[in-house]
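# Residue-level structure breakdown
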Amino acid sequence: MSDHVGNPSPQQRVAVIDIDGVLADVGHRLHHIQGRPKDWAAFFAAVGDDALLPEGAAMTRQAASDGLEIVYLTGRPERLRADTAGWLRHWDLPDGRLVMRPDRDHRPARLFKIRALTALDRDVAWVLDDD
């Protein structure tokens, strides 16, 4: 799992894949953010216990097999980089660039992701996201 791709070929197309709700089954930790106040610390503390969602994993593996560069784009905060990269390795998901939300960015994930997609400045073949 690489944190940064470096200078990829401009011809290589990318598949952008979300993690929570697409690759990671977050059902066991949703109760932390369903009420008020939302307990984001507890929600994110349990990321290592997420099961793999097989449909998202299969699509990710197929994209890599098809020669697409993988970019994992997540609304998880940057402070969870090591946990997230470890989780991706644990489930033997394809190597790819991991783009995470800055720790102090509290915008809704969908707004962060739109800006991050634009910043990729790449030919995006497809996006797999639940937002």
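Residues numbered from 1 in each chain as written. Predicted model: local features only at pLDDT ≥ 70, side-chain atom pairs only at ≥ 80, totals over all residues. Heavy atoms only, no water.

### Focus: the nonpolar core
- If you look at the biggest cluster of nonpolar residues, it comprises 24 residues, and the most contacted ones within it are Ile17, Ile19, Leu23, Tyr72, Trp87, Leu88 and Leu93.
- Mapped onto this core, the elements with two or more residues apiece are β1 (14-17), α1 (40-45), α2 (54-65), β4 (69-77), α3 (81-90) and β5 (97-101).
- With three residues, α3 is the single largest residue contributor to this core.
- With near-sequence residues (within four places) excluded, Trp87 lies in contact with Ile19, Leu23, Ala24, Val47, Gly48, Asp50, Ala51, Leu52 and Leu93.
- In this structure, Val14, Val71, Leu73 and Val99 belong to the second largest nonpolar core, which totals eight residues. (Core = buried A, V, L, I, M, F, W, Y, C linked by side-chain atoms within 4.5 Å. Buried < 20%, exposed > 50% of the residue type's maximum accessible area, 1.4 Å probe, protein only. Helix = DSSP H or I, 4+ residues; strand = E, 2+ residues; numbered from the N terminus. Contact = heavy atoms within 4.5 Å.)

### Section: unusual backbone geometry
- Put simply, Arg36 and Pro37 share a cis peptide bond, and its omega is -5°.
- Note that Pro37 resides in the loop between β2 (24-25) and α1.

### Notes on the packing of aromatic side chains
- For the structure on display, the rule yields four aromatic pairs.
- Between Phe43 and Phe44, the ring centres sit 5.2 Å apart and the planes meet at 70°, which makes this aromatic pair edge-to-face. Per residue, the accessibility class of Phe43 equals that of Phe44, and both read buried.
- Each ring, one from Trp87 and one from Trp91, has its centre 6.2 Å from the other, and the planes form 55°; the classification is tilted.
- Trp87 gets classed as buried once you look at its relative accessible area, which sits at 4%. (Phe/Tyr/Trp six-rings, centres within 6.5 Å; stacked < 30°, edge-to-face > 60°.)

### Side note on the sheet that holds β1
- Read from one edge of the open sheet, four strands run β5-β4-β1-β6, paired in parallel fashion. With partners counted over all chains shown, the strands left at the sheet margins are β5 and β6 (124-128), one partner each. The mean angle between the axes of side-by-side strands here comes to 20°, regardless of whether they run parallel or antiparallel.
- Against the sheet, α3 makes contact with β4 and β5, and its axis sits at roughly 140° relative to β5, the strand it touches most.
- Those strands touched by helix α4 (residues 109-120) are β1, β4, β5 and β6, and its axis lies near 145° from that of β4. (Pairing = 2+ DSSP bridges. Axes fitted to C-alpha atoms, helices over the stretch in contact; angles between N-to-C directions.)

### Re the side chain of Lys113
- Relative to the helices and strands, Lys113 resides in helix α4.
- Among the polar contacts made by the side chain of Lys113, one reaches the side chain of Asp129 at a distance of 3.0 Å.
- Filtering out sequence-adjacent residues up to four positions away, Lys113 remains in contact with Asp18, Leu73, Thr74, Gly75, Asp129 and Asp131. (Polar contact = N/O pair within 3.5 Å; in protein donor to acceptor, adjacent residues only side chain to side chain.)

### Considering α3
- Taken together, the buried positions of α3 are Arg81, Thr84, Ala85, Trp87 and Leu88. Looking straight down α3, one finds its buried side chains confined to an arc of 160°; they lie on one side. Every exposed residue of α3 that faces more than 90 degrees away from the buried side is listed here: Ala82 and His90.
- The secondary structure elements touched by the buried residues of α3 are β2, β3 (51-52), β4 and β5.
- Downstream of α3 by one or two residues, Asp92 has phi in the positive range, about 55°. (Arc of directions from axis to C-beta.)

### Details of the pattern of salt bridges
- In total, this model carries 11 salt bridges according to the counting rule given.
- In this structure, Arg76 engages Asp50 in a salt bridge whose closest nitrogen and oxygen atoms are separated by 3.2 Å. Of this pair, Arg76 sits in strand β4 while Asp50 sits in the loop between α1 and β3, and the two are 26 residues apart along the sequence.
- Classification of Arg76 by relative accessible area gives buried; the value is 0%.
- A relative accessible area of 3% places Asp50 in the buried class.
- Notably, a salt bridge pairs Arg81 with Glu78, separated by 2.5 Å at the nearest N-O pair.
- Since its relative accessible area comes to 17%, Arg81 is described here as buried.
- The exposure class assigned to Glu78 is partly exposed, which follows from its relative accessible area of 29%. (Salt bridge = Lys/Arg side-chain N within 4 Å of Asp/Glu carboxyl O.)

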